[in-house]
Amino acid sequence: MPISYITRTLTFCSGHRLHSPHLSEKENLEIFGKCNSPNGHVHVTIRGHIDPVNGMVMNLTELREYMEAAIHDQLDHKNIDKDVPYFKETTSTAENVAVFIWNEMVKVLPKDRDYELYKVVLHETDNNVVTYMGEQ
């Protein structure tokens, strides 16, 4: 069976303060400056075999529903640092937000299907993009 990759995009708005509790106020200012991202969008890519009967890796409507549960419902119109428990102890860099999205997608995707999460691409701005592929 052929393998294909499908990607769906989701836009969400959230705020965060790039601030590490492991650094002093001066170190935080030097490293992060005034960095604050009011919005962004994410691409989630699924990899799997094309079903010979329906011709799809997975139904894109299902993927949208999983993305809304894992990403939109948890991050949209939230202050990530204050409203998302994961970021109480984790600095809300784009890299860490991408890891969070990956982990939440893994939780909602069915385990008994012939596809898998392949990558998460987070566009913090037009110029700042992070890709996470589940690598540790």
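Our structure's up above, just so we're on the same page.
Definitions and limits used
Residues numbered from 1 in each chain as written. Predicted model: local features only at pLDDT ≥ 70, side-chain atom pairs only at ≥ 80, totals over all residues. Heavy atoms only, no water. Core = buried A, V, L, I, M, F, W, Y, C linked by side-chain atoms within 4.5 Å. Buried < 20%, exposed > 50% of the residue type's maximum accessible area, 1.4 Å probe, protein only. Helix = DSSP H or I, 4+ residues; strand = E, 2+ residues; numbered from the N terminus. Contact = heavy atoms within 4.5 Å. Phe/Tyr/Trp six-rings, centres within 6.5 Å; stacked < 30°, edge-to-face > 60°. Salt bridge = Lys/Arg side-chain N within 4 Å of Asp/Glu carboxyl O. 1 Å grid on protein atoms, 1.4 Å probe; cavity = no way out; pocket = protein on both sides within 12 Å on 5 of 7 lines; lining within 4 Å. Points joined across faces, edges and corners; volume = space filled by probe spheres on them. Nonpolar A, V, L, I, M, F, W, Y, C, P; charged D, E, K, R; others polar. Pairing = 2+ DSSP bridges. Polar contact = N/O pair within 3.5 Å; in protein donor to acceptor, adjacent residues only side chain to side chain.

**Student:** Explain the nonpolar core to me, please; I cannot follow it from the model alone.
**Tutor:** As a rule of thumb, soluble globular proteins bury nonpolar side chains together. Counting residues in hydrophobic clusters, the biggest one holds 31 residues, and the most contacted among them are Val44, Ile46, Ile71, Ile101 and Met105. Contributing elements (two or more residues each) for this core: β1 (3–15), β2 (39–49), α2 (60–75), α4 (94–108), β4 (115–123) and β5 (129–132). Considering each element in turn, this core owes the most residues, eight residues, to α4. Ignoring any residue separated from it by four or fewer positions in sequence, one finds Val44 in contact with Ile6, Thr7, Arg8, Leu63, Met67, Ile71, Met105, Leu117 and Lys119.

**Student:** What is the right way to look at the packing of aromatic side chains in this model?
**Tutor:** Aromatic ring pairs are defined here through the distance separating the ring centres and the angle between the ring planes. Under the defined criterion, the tally for this structure stands at five aromatic pairs. Taking the centre distance of 5.2 Å and the plane angle of 45° together, the rings of Tyr86 and Phe100 count as tilted. Taken as a pair, Tyr86 in the loop between α3 (80–83) and α4 and Phe100 in helix α4 lie far apart in primary sequence, 14 residues in all. Here Phe100 falls in the buried class, since its relative accessible area comes to 3%. Taken together, Tyr86, Phe87 and Phe100 form an aromatic cluster joined through their ring pairs.

**Student:** I'm lost on the pattern of salt bridges in this one. Help?
**Tutor:** Oppositely charged side chains are able to pair whenever their charged atoms sit close together. For the structure shown, the criterion picks out five salt bridges. A salt bridge links Arg113 to Glu62; its shortest N-O distance comes to 3.2 Å. Of this pair, Arg113 sits in the loop between α4 and β4 while Glu62 is found in helix α2, placing the two residues 51 residues apart along the sequence. Judged by its relative accessible area of 39%, Arg113 is partly exposed. Using a relative accessible area of 24% as the deciding quantity, one classes Glu62 as partly exposed. The partner of Arg113 in a salt bridge is Asp112, with the nearest N and O atoms 3.8 Å apart. Here the salt bridges share partners, and the residues they tie into one network are Glu62, Asp112 and Arg113.

**Student:** Explain the layout of surface pockets here, please?
**Tutor:** One way to see where empty space is left: roll a probe the size of a water molecule over the atoms. Of the voids in this model, the largest pocket is the one considered here, and its volume is about 200 Å³. In terms of lining, the largest pocket is formed by 14 residues, of which the most central are Asp51, Asn54, Met56, Val57 and Met58. A breakdown of the residues in the lining of the largest pocket according to their chemical character gives seven nonpolar, three polar and four charged.

**Student:** Mind showing me how you'd approach the pairing of β4 here?
**Tutor:** Each regular strand displays side chains that alternate between the two surfaces of the sheet. For β4 and β5, the ladder comprises four bridges, and the chain directions are antiparallel. Considered in β5, the bridge of Leu122 is made with Val130. Hairpin connection of β4 to β5: five residues between the antiparallel strands.

**Student:** In this structure, what is going on with the environment of Phe100? I would like to understand it.
**Tutor:** Put simply, Phe100 and Ala70 are 30 residues apart on the chain and 9.4 Å apart in space, counted from C-alpha to C-alpha. When neighbours within four sequence positions are excluded, Phe100 is seen to be in contact with Gln74, Leu75, Val84, Tyr86 and Phe87.

**Student:** Looking at this structure, I do not really get the side chain of His123. What am I missing?
**Tutor:** Its location among the elements puts His123 in strand β4. Overall, the relative accessible area of 18% leaves His123 in the buried class. There is a polar contact of 3.3 Å between the side chain of His123 and the side chain of His43.

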